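Here is what each chain is made of, one letter per residue.
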Amino acid sequence: MQTFAEGALTLEQWQHVEALAGTLTPAQARWISGYFAGLDAGLLRAGAPAGTAAAPAVPQGRTLTILYGTETGNSRDLARALAAAASERGLSPQLADMADYKTRLLKDEQDLLVVVSTYGEGDPPQPAVGFFEFLEGKRAPKLDKVRFSVLSLGDSTYEKYCEAGKRIDRRLEELGASRIGDRVDCDIDYEEPAAAWSGIVIDRLAADLAAAAPSASGFAIPSAIPTAAAAPVHDKKNPFPATVIENISIVGRHSTKETRHVELDLAGSGLVYEPGDALGIAASNDPAVVAQLLEATGLSAEAPVPVRGETLTLAEALGSRFEVAIASPRFLDQWATLSGARELAELRAEDRTADRLLFLRGHHVVDIVRRYPVPGLNAEALVAGLRPLQPRLYSIASSLAAAPDEAHLTVAPVRYALHGEPRAGVASTQLADRIEIGDTLPVYIQHNPHFALPKNGAPIVMIGAGTGVAPYRGFLQEREATGAGGRSWLFFGERNFRSDFLYQTEWQGWLKEGVLSRMDVAFSRDRGQPKTYVQHRMLEQAKDLYAWLEEGAHLYVCGDEKSMARDVHETLIRIVAEQGRVDRDTAEAYVRNLASDHRYQRDVY
């Protein structure tokens, strides 16, 4: 092997090499190594004079597309990480959102990696509905030349766990595609299984690429230089400690519900967001709930437990690292084994899915622990059945253009009773009961490109009930602060006019100034009035609403999916059918086209 003695490079060449080396990431250095190995092997030519025949191109193997469907952004983030990992191994992935993917390209795909979440009771993410309809429809092409693998995200507390991913996996197989690797289903703590799946499929694809390419000293030349590592930022894994600068109730004294307005200081965080994005909060469990669980198990708060490479006290781990209220199938499995309880063991059977989930919805962790005690329990055995505590997402109710370095939230605390005891939501009641002005909360931004203002000043129709009005406050703040034009129409629903008209003076001010063009409100519990919801107001204004849509308006829906959002969707189809004088199938196609054109956007929960 040749060695480089003194004088192998000129002084000027060494200066160039040293200057470049100081700017390279390890991945870029590996790429440079492969590039020059290719030059030495004759696979590439540098500085060849004009007219000289070029060396044969390095075979790149099969095409690779990474397709994702997402509601909250988790699948998108995993798909981006997968694309980066593929690039570092010499592959040339194309990354595509199902919401924007041109389905006519599907027949020409070769290798397809799919990352998709499941929404609600087995539904695909709303932005991906059009892709699912095509794939599962009669127009889907034969895919016998396609290889694929699916990473499916879900929540095991739902009956149709990871169903969206299972649907894609089944359908691709039906269309003749073959698997690169088996589908992997992930619960809400998806990081480790997702990383394992990624490693398997990328190893397989990289091996195929190496086998297809000519040898260059054993090194396959990557197709592109990986981008330099970004500067550290605050994200889900590294949230920013934001100071609470406001936390007030915004409902009247006689209101039958709670709603709070919370303002957080983001100064110095580097965090930026667009109206429609969400704020993630790394919440902590209520110390009272932790104390109840410790009492029920008989375990010491000071008992040490290992958690992801560090040792914490059991009280610390239960307070900030694990879900200690809602029980999951994982906990049921663990507790059935520890307790030996026959009833729990029977619920684990495959044909008892509905019974199992019904039981879990009626029993928190502490209820199961009390009902089926385990003598001699140790701390590690308890936490082994608990899921990691997940951040909670809230629609941001402000615009950076109007409130620089701030993020505002509209929060309704979740409170209910179970087994005769009060129970509560984790983050919502932390904000309502345990956070004071001056305290800090770990936060990050979860971008939501599928719920964004149009860039061209097009008309917007905003439909929301309760705290679902939050992002629309940000929309109008943005338009007012930036001077962006465009008509706007708000449909807002709540319980009572006098006590629950959230941000009433702000909406009225925007109406007066022309920032808000129209507003229709519906209050369902005002005395002496029939129950009225936003869909009723939509029907009353059907002619004008349809006219706005025909004139290019973008329509937004934010709020509860099971009732409000579904009713609004059905009402929208009805309005299109009646005002457009078409049948239901045509009206449904009209609404689907609105969604595919990003003119019908939903942020529902």
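Draft legend 1. Examining the overall build of the protein more closely. For the protein, the helix and strand inventory stands at 21 helices and 21 strands. Sorting the 605 residues of the protein into buried and exposed places 48% on the buried side. Counted over contacts in the protein with a minimum sequence separation of 6, partners at least 24 positions apart contribute 76%.

Draft legend 2. A look at helix H7 (residues 287–297). Those residues of H7 not exposed but buried are Val290, Leu293, Leu294 and Thr297. When H7 is viewed along its axis, its buried side chains cluster within an angular range of 100 degrees and face the same direction. Here H7 starts with a cap whose side-chain oxygen sits 2.9 Å from the backbone nitrogen of Ala288, and that cap is Asp286. Once H7 finishes, Gly298 follows within two positions and takes phi at roughly 75 degrees, a positive value.

Draft legend 3. Summary view of the sheet that holds strand E8 (residues 260–265). Across the sheet, which stays open at both edges, the 6 strands sit in the order E12-E9-E16-E7-E8-E13 with antiparallel pairing between neighbours. In this open sheet, the two edge strands, each paired with only one partner strand, are strand E12 (392–395) and strand E13 (406–411). If you compare each strand with its neighbour and ignore which way they point, the axes differ by 40 degrees on average. Sheet topology places strand E7 (residues 240–249) next to strand E16 (residues 440–446); 4 bridges connect them, and they run antiparallel.

Draft legend 4. Representation of the side chain of Thr157 within the structure. Tracing the backbone shows Thr157 in the loop between strand E4 (147–153) and helix H5 (163–174). The buried category is assigned to Thr157, whose relative accessible area is 15%. There is a polar contact of 2.7 Å between the side chain of Thr157 and the side chain of Asp155. Ignoring sequence-local partners within four residues, the contact set of Thr157 consists of Ile326, Ala327, Ser328, Pro329, Leu357, Arg361 and Arg387.

Draft legend 5. A look at the nonpolar core. Grouped together as the largest cluster of nonpolar side chains are 36 residues, with contacts concentrated most on Leu314, Leu318, Phe331, Trp335, Leu344 and Ile368. Sorting the residues of this core by element identifies H7, strand E10 (304–307), helix H8 (314–320), helix H9 (329–339), helix H10 (342–347), helix H11 (353–361), helix H12 (365–371) and helix H13 (379–384) as the ones contributing at least two each. If near-sequence neighbours (up to four positions away) are discounted, Phe331 is found in contact with Val365, Ile368, Val369, Leu382, Gly385 and Leu386.

Draft legend 6. Structural view of the packing of helix H15 (residues 470–482) against helix H17 (residues 504–513). The geometry of H15 relative to H17 is characterised by a closest axis approach of 12 Å and an angle of 35 degrees between their N-to-C directions. With respect to the hand of their crossing, H15 and H17 are arranged in left-handed fashion. Each of Tyr472, Arg473, Leu476, Gln477 and Glu480 in H15 lies in contact with H17, whose residues at this interface are Glu506, Trp507, Trp510 and Glu513.

Draft legend 7. Region of the structure containing the packing of aromatic side chains. This model, assessed by the stated rule, comprises 17 aromatic pairs. Measuring from ring centre to ring centre gives 5.3 Å for Phe451 and Tyr556, while their planes differ by 75 degrees; the resulting arrangement is edge-to-face. Here Phe451 is found in the loop between E16 and strand E17 (460–465), whereas its partner Tyr556 is found in strand E20 (residues 554–559), with 105 residues between them in sequence. A single burial state applies to Phe451 and to Tyr556, both of which are buried. An aromatic cluster is present here, built from Phe451, Tyr472, Phe475 and Tyr556 joined pairwise through their rings. A cation over a ring is seen here: Arg487 above Trp548, with NZ or CZ 4.3 Å from the ring centre. A cation over a ring is seen here: Arg518 above Trp489, with NZ or CZ 3.9 Å from the ring centre.

Draft legend 8. Structural context of the environment of Ser428. Topologically, Ser428 is positioned in helix H14 (residues 426–434). On a C-alpha basis, the gap between Ser428 and Thr410 in space is 9.9 Å, while along the polypeptide they are 18 residues apart. Excluding residues that lie within four positions of it along the chain, Ser428 makes contacts with Tyr394, Val411, Ala412, Pro413 and Val414. Among the polar contacts listed, one links the side chain of Ser428 to the backbone nitrogen of Val414, at a separation of 3.0 Å.

Draft legend 9. Seen up close, the pairing of E8. By the criterion of burial, E8 is predominantly enclosed, with 5 of the 6 residues buried. One ladder, built from 6 bridges, connects E7 with E8; its direction is antiparallel. The residue bridging Thr243 from the neighbouring strand is Asp265, located in E8. In this structure, E8 lies alongside E13, joined through 6 bridges in antiparallel fashion. Pairing of Glu263 across the sheet is with His408, part of E13.

Draft legend 10. Structural context of the side chain of Ser255. Tracing the backbone through its elements, the reader meets Ser255 in the loop between E7 and E8. For Ser255, the side chain forms a polar contact with the main-chain oxygen of Lys257, separated by 3.0 Å. Only 2.5 Å separates the side chain of Ser255 from the side chain of Asp500, close enough to count as a polar contact. In this structure Ser255 touches Ser499 and Asp500, once residues within four positions along its chain are discounted.

The rules we used
- Residues numbered from 1 in each chain as written.
- Predicted model: local features only at pLDDT ≥ 70, side-chain atom pairs only at ≥ 80, totals over all residues.
- Heavy atoms only, no water.
- Helix = DSSP H or I, 4+ residues; strand = E, 2+ residues; numbered from the N terminus.
- Buried < 20%, exposed > 50% of the residue type's maximum accessible area, 1.4 Å probe, protein only.
- Contact = heavy atoms within 4.5 Å.
- Arc of directions from axis to C-beta.
- Polar contact = N/O pair within 3.5 Å; in protein donor to acceptor, adjacent residues only side chain to side chain.
- Pairing = 2+ DSSP bridges.
- Axes fitted to C-alpha atoms, helices over the stretch in contact; angles between N-to-C directions.
- Core = buried A, V, L, I, M, F, W, Y, C linked by side-chain atoms within 4.5 Å.
- Left-handed = near helix turned anticlockwise from the far one by under 90°.
- Phe/Tyr/Trp six-rings, centres within 6.5 Å; stacked < 30°, edge-to-face > 60°.
- Lys NZ or Arg CZ within 6 Å of the ring centre and 35° of its normal.

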